[in-house]
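Structural overview
Listed below are the residues making up each chain.
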Amino acid sequence: MEWSLESVREMVAGGMQSIRECEICAFAIGMCVLLLFMWYCYRVGREHGSSPLRGRYLAGPGRIGGVVGGFMSSDCRGRGKGKHGSMLEEQNGFAFCQSSECFRCTSAGESLNQRLYHSLQDYAKRYTWSGMGRVHKGVRDQGRYLNSRPTIQRPEVFFLPDLPSAPFFSREVQRHDVELLEQSFPALLAEFESIYHQPPARSGSSLPPGWKVNSTPRGQWWTYYLVNQGTPLVLNVRRCPRAWRVLGQLRTFIANNVFGNACFSVLTPGALITEHYGPTNVRLRCHLGLRVPPSCELVVGGEPQCWSEGSCLLFDDSFLHRAFHEGGAEDGPRVVFMVDLWHPNVAAAERQALDYIFTPGRLEDKEGK
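Each value, and the rule that gives it
- Every chain is numbered on its own, with residues counted from 1 as its sequence reads.
- Note on the predicted model: pLDDT of at least 70 is required for a residue's local features to be given, and 80 or more for side-chain atom pairs to be given and counted; whole-chain, interface and lining totals, by contrast, use all residues.
- The side-chain values count all of the structure's non-hydrogen atoms but skip hydrogen atoms and water molecules.
- UniProt positions are given in the numbering used here, feature names are shortened, and annotations may be inferred rather than shown by experiment.
- Helical segments are the DSSP runs of H or I of at least four residues, strand segments are the runs of E of at least two, and each set is numbered from the N terminus.
- With a 1.4 Å probe rolled over the protein chains alone, any residue whose accessible area is under 20% of its type maximum counts as buried; one over 50% counts as exposed, and the rest are partly exposed.
- We call two residues in contact when some of their heavy atoms are within 4.5 Å.
- Accessible surface is estimated by sampling points in the Shrake-Rupley manner with a 1.4 Å probe; for residues, cover comes only from the protein chains shown.
- Under the convention used throughout, the expected extent of a helix is 1.5 Å for every residue step, that is, one less than its residue count.
- Note that the arc is computed from the directions linking the helix axis to the C-beta atoms.
- Polar contacts here mean pairs of N or O atoms no more than 3.5 Å apart (in protein, one a potential hydrogen donor and the other a potential acceptor; neighbouring residues in sequence count only if both atoms are side-chain atoms).
- Here, a salt bridge means any Lys or Arg side-chain nitrogen found within 4 Å of an Asp or Glu carboxyl oxygen.
- Aromatic rings from Phe, Tyr and Trp, with only the six-membered ring used for Trp, were paired whenever their centres fell within 6.5 Å, and each pair was classed as stacked if the ring planes differed by under 30 degrees, edge-to-face if by over 60, and tilted otherwise.
- Only buried Ala, Val, Leu, Ile, Met, Phe, Trp, Tyr and Cys residues count toward a nonpolar core, and they belong to the same one when joined by side-chain atoms within 4.5 Å.
- Every residue carries a pLDDT, the predictor's confidence in it, which falls somewhere between 0 and 100.
- By the convention used here, strands pair only if DSSP detects at least 2 bridges between them.
- Geometry is summarised by axes, namely lines fitted to C-alpha atoms with helices restricted to the contacting stretch, and by angles between N-to-C directions that run from 0 to 180 degrees.

If you check an unreviewed UniProt entry, the protein appears there as Aspartate beta-hydroxylase domain-containing protein 2 from Sphaeramia orbicularis. Of the protein, the UniProt comment under Subcellular location (unreviewed entry) reads exactly: "Membrane".

Laid out in structure tokens, this is it:
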């Protein structure tokens, strides 16, 4: 082959043309990938919503969902009127669910394990198995995990394996949300005062609208839920716009599944909350002290801690825990603002899957099919 300036020019021109064609091809491939990604984001957005709490404030009465010992879900309401007869008990103007079919009113068992696995399979078909190792392991062996846990930590519904566990956690693990709550202390305290000092909801009741009484061996334990088991309580939310705004700004608030709650919690002098376990280890319960008189204490996993006004306390309520207020009547009630946050070691993909599996109503609906 004879080399000449003309032949070199032709080779360079040919190479440049090939590069241009490759660039066009690469650009086309990139656009296709971008369109596929946008379609995927659209699908995820439709399923889960762009914000955990956006649009839920205006939900209708049917969205005010189920709670153990609290507001009855529409699903349980239907069952209570059906073959099971009257499953409801009214206290202080609120319906208390007594249905044996309600997911939150039943203990974990073989039926629940099967429903969990079917929900996980549905999720994987829609999205992916990627990142689901621990969730799959937990769902597959749920019965063994719950039955073999030491008595100090025994979640009643779902245990995610291989999560670091401790009764109390440092505020640094959820620093953004802890600081936001503490900065909102004056607003939350003022909102508590406004709802706590309302006149009773009805004649013969000592409670203002929206409050409910919880079972205690002595004293009184009252709660005012904004979000109960992943479902906003619309009437309560309307009375607490500033607290609702704070919840919407939290990055790790569990807003889309039955493990998520947010409420004002009041313990009267002499009250005792007996030892009990929470439903899961995937969350950390956060208490912001609003009013903390002396002689109040929270004991988690055998470790005692005291609340402090304006400060947050993070703990894993899947550990055995209890709380008490041993002060006198002159001390007044202990008041905290309680929110459920994700455990910091639950990955984003796992959170999305758990939101899907434990969406309010999903597992109950499966049982009724």
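1. Brief notes about the overall build of the protein
A count of helical and extended segments in the protein gives 11 helices and 14 strands. Sorting the 369 residues of the protein into buried and exposed places 49% on the buried side. Long-range contacts, defined here as pairs at least 24 residues apart, represent 73% of the contacts in the protein between residues at least 6 apart. For the protein, the exposed surface amounts to about 17800 Å²; the carbon and sulfur share of it is 54%.

2. A look at helix 7 (residues 185-196)
The end-to-end C-alpha distance of helix 7 is 16 Å, a good match for the 16 Å that 12 residues give at a rise of 1.5 Å each. Three or more residues of helix 7 are buried, namely Phe 185, Leu 188, Glu 191, Phe 192, Ile 195 and Tyr 196. Seen from one end, helix 7 has its buried residues packed into an arc of 130°, which puts them on one side.

3. Description of unusual backbone geometry
Here the phi dihedral of Gln 229 falls at roughly 55°; this positive angle occurs in a residue that is not glycine. Structurally, Gln 229 is set in the loop between strand 5 (221-228) and strand 6 (231-232). Although it is not a glycine, Ser 295 adopts a positive phi angle of roughly 65°. Tracing the sequence through the fold places Ser 295 in the loop between strand 9 (283-291) and strand 10 (296-300). Judged by relative accessible area, which is 44%, Ser 295 ranks as partly exposed.

4. Details of the environment of Asp 316
Of note, Asp 316 is situated in the loop between strand 12 (312-315) and strand 13 (321-325). In the structure, Asp 316 is positioned 148 residues away from Phe 168 in sequence and 6.3 Å away in space, judged by C-alpha atoms. Not counting chain neighbours up to four residues away, the residues in contact with Asp 316 comprise Gln 153, Ala 166, Pro 167, Phe 169, Thr 280, Asn 281, Arg 283, Leu 284 and Val 300. At 3.5 Å, the side chain of Asp 316 and the side chain of Gln 153 are in polar contact. A polar atom in the side chain of Asp 316 sits 2.7 Å from the side chain of Ser 318.

5. What about the pattern of salt bridges?
Applying the stated criterion across every chain yields a total of 12 salt bridges. Asp 162 serves as the salt-bridge partner of Lys 137, at 3.4 Å between the closest nitrogen and oxygen. One end of the pair, Lys 137, is in helix 4 (residues 133-140); the other, Asp 162, is in the loop between helix 5 (142-148) and strand 3 (168-169), with 25 residues separating them in the sequence. Exposure remark for Asp 162: the relative accessible area of 53% places this residue in the exposed category. Residues joined by salt bridges that share partners form a network here, namely Arg 283, Arg 285, Asp 317 and Asp 340.

6. Regarding the packing of aromatic side chains
The final tally for this structure, using the stated rule, is 14 aromatic pairs. Where Phe 192 meets Trp 211, the ring centres are 6.2 Å apart and the plane angle is 80°; that geometry is what we call edge-to-face. Taken together, the positions of Phe 192 in helix 7 and Trp 211 in the loop between helix 7 and strand 4 (212-214) put the pair 19 residues apart, joining distant regions of the chain. We classify Phe 192 as buried; its relative accessible area is 0%. Ring centres of Phe 259 and Phe 358 lie 4.6 Å apart, and the angle between their planes is 50°; on these two criteria the pair is classed as tilted. Linking Phe 259 in the loop between helix 9 (241-249) and strand 7 (262-267) with Phe 358 in the loop between helix 10 (348-357) and helix 11 (362-368), this pair joins segments that are 99 residues apart in sequence.

7. A few points about the nonpolar core
Formed by 38 residues in total, the largest nonpolar core has its most connected members in Leu 181, Trp 211, Leu 247, Phe 264 and Phe 337. Elements that contribute at least two residues to this core include exactly helix 6 (175-183), helix 7, strand 5, helix 9, strand 7, strand 9, strand 12 and strand 14 (334-342). Of the residues forming this core, the biggest block, 5 residues, is contributed by helix 7. Dropping the residues within four chain positions of it, Phe 264 is found in contact with Leu 188, Phe 192, Ile 195, Trp 211, Trp 222, Thr 223, Tyr 224, Cys 240, Ala 243, Leu 290, Val 336 and Phe 337. By size, the runner-up hydrophobic cluster in this structure holds 24 residues, among which are Leu 120, Phe 158, Leu 160 and Leu 354.

8. Some thoughts on helix 4
For an α-helix, 3.6 residues make a turn, and residues three or four places apart therefore share a direction. When we look at burial in helix 4, the residues that qualify are Val 135, Gly 138 and Val 139. For helix 4, the angular spread of the buried residues around the axis is 95°, confining them to a single face.

9. Some details on the confidence of the model for the protein
Residue-level pLDDT values for the protein average 80, and 76% of them are 70 or greater. Per-residue pLDDT stays below 50 along residues 57-103; that stretch engages in 97 contacts with residues further than four places along the chain or on separate chains. Within the model, pLDDT remains below 50 along residues 365-369, and this stretch shows 9 contacts once partners closer than five positions in the same chain are excluded.

10. Some remarks on the sheet that holds strand 13
Pairing in this open sheet of 4 strands is antiparallel, and the strands run 8-13-10-11 from one edge to the other. Two strands bound the open sheet, and with one partner strand each, they are strand 8 (272-276) and strand 11 (303-305). Each strand axis lies, on average, 15° off the axis of its neighbour in the sheet, ignoring direction. Bridge count between strand 8 and strand 13: 3 bridges; the pairing is antiparallel. Across the sheet, residue His 276 finds its bridge partner in strand 13, namely His 321.

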